[in-house]
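Per-entry structural report
Each chain, written out:
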Amino acid sequence: MTTALVPSPVQRRNPVLVWLVFPIITFGIYFFVWYYKIHKEMAEQRRDPEAPVTGPLLVMLFLSWTGIGFIVSYWRTGNRIRATQESAGLEPSCSAAIGFLLNLVLGLGILYYQLELNKVAAPERD
């Protein structure tokens, strides 16, 4: 008897669309939609009712201009992605440091974070 894999609440997204195309089309608004969605999906994946969903979005909306709010929220997002990978039974590969540094180069951190989340959305299972 085979056991069916439970689908992950984390959605597979095209990283280039998330990083470049949708933000350009929506004049940057899509970033906030994406940021909220990934936090909600990660909370559902980890089955953690205490996981922040709207808090990180509010920090980005209202405190990112301080610089420090953006840094802390973005760093914690990388750590949450890593924890989500662990909860999915995967070897954690997401690095908040790499995500943050890539974000300093053309915003590539978004592309990196989405690639890491896609591993949870459709993990390679034997």
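Residues numbered from 1 in each chain as written. Predicted model: local features only at pLDDT ≥ 70, side-chain atom pairs only at ≥ 80, totals over all residues. Heavy atoms only, no water.

**Description of the nonpolar core**
Soluble, globular proteins show a tendency: their nonpolar side chains are buried together. One finds Trp 34, Tyr 35 and Tyr 113 to be the most contacted residues of the largest nonpolar core, which totals 20 residues. Broken down by secondary-structure element, the contributors of at least two residues to this core are helix H2 (29-46), helix H4 (68-87) and helix H6 (108-121). Leaving out residues up to four positions away in the same chain, Tyr 35 has contacts with Pro 56, Leu 57, Met 60, Ser 73, Tyr 74 and Thr 77. (Core = buried A, V, L, I, M, F, W, Y, C linked by side-chain atoms within 4.5 Å. Buried < 20%, exposed > 50% of the residue type's maximum accessible area, 1.4 Å probe, protein only. Helix = DSSP H or I, 4+ residues; strand = E, 2+ residues; numbered from the N terminus. Contact = heavy atoms within 4.5 Å.)

**Details of the confidence of the model for the chain**
Confidence in the prediction of the chain, expressed as mean pLDDT, is 92, and 92% of residues score 70 or more. Across the chain, helix H1 (residues 15-25) holds the top mean pLDDT of 98, while helix H3 (residues 54-63) sits lowest at 95. (pLDDT = per-residue confidence, 0-100.)

**Structural notes on the environment of Phe 32**
Turning to its location among the elements, Phe 32 is positioned in helix H2. Once the C-alpha coordinates of Phe 32 and Pro 56 are considered, the two residues, 24 residues apart in sequence, prove to be 9.8 Å apart. Apart from the residues lying within four places of it in its own chain, the contact partners of Phe 32 are Leu 57, Met 60 and Leu 61.

**Notes on the packing of H1 against H6**
Viewed as axis vectors pointing N to C, H1 and H6 meet at an angle of 155°, and their least axial separation amounts to 8 Å. Taken as axis vectors, H1 and H6 run roughly antiparallel relative to one another. Note on packing geometry: the crossing formed by H1 with H6 is right-handed. Residues Pro 15, Val 16, Val 18 and Trp 19 of H1 pack against Leu 108, Ile 110, Leu 111, Gln 114, Leu 115 and Asn 118 of H6. Of the residues belonging to the contact of H1 with H6, the class tally is eight nonpolar, two polar and no charged. (Axes fitted to C-alpha atoms, helices over the stretch in contact; angles between N-to-C directions. Parallel < 35°, antiparallel > 145°, perpendicular 65-115°, else oblique. Left-handed = near helix turned anticlockwise from the far one by under 90°. Nonpolar A, V, L, I, M, F, W, Y, C, P; charged D, E, K, R; others polar.)

**Re the packing of aromatic side chains**
In the structure shown here, the tally under the stated rule is nine aromatic pairs. With a centroid separation of 6.3 Å and 45° between ring planes, the pair formed by Trp 34 and Tyr 35 is classed as tilted. Tyr 35 shares its class with Trp 34; the two are buried. Judged by centre distance (5.9 Å) and plane angle (40°), the rings of Tyr 112 and Tyr 113 are tilted. For Tyr 112, a relative accessible area of 12% puts it in the buried group. (Phe/Tyr/Trp six-rings, centres within 6.5 Å; stacked < 30°, edge-to-face > 60°.)

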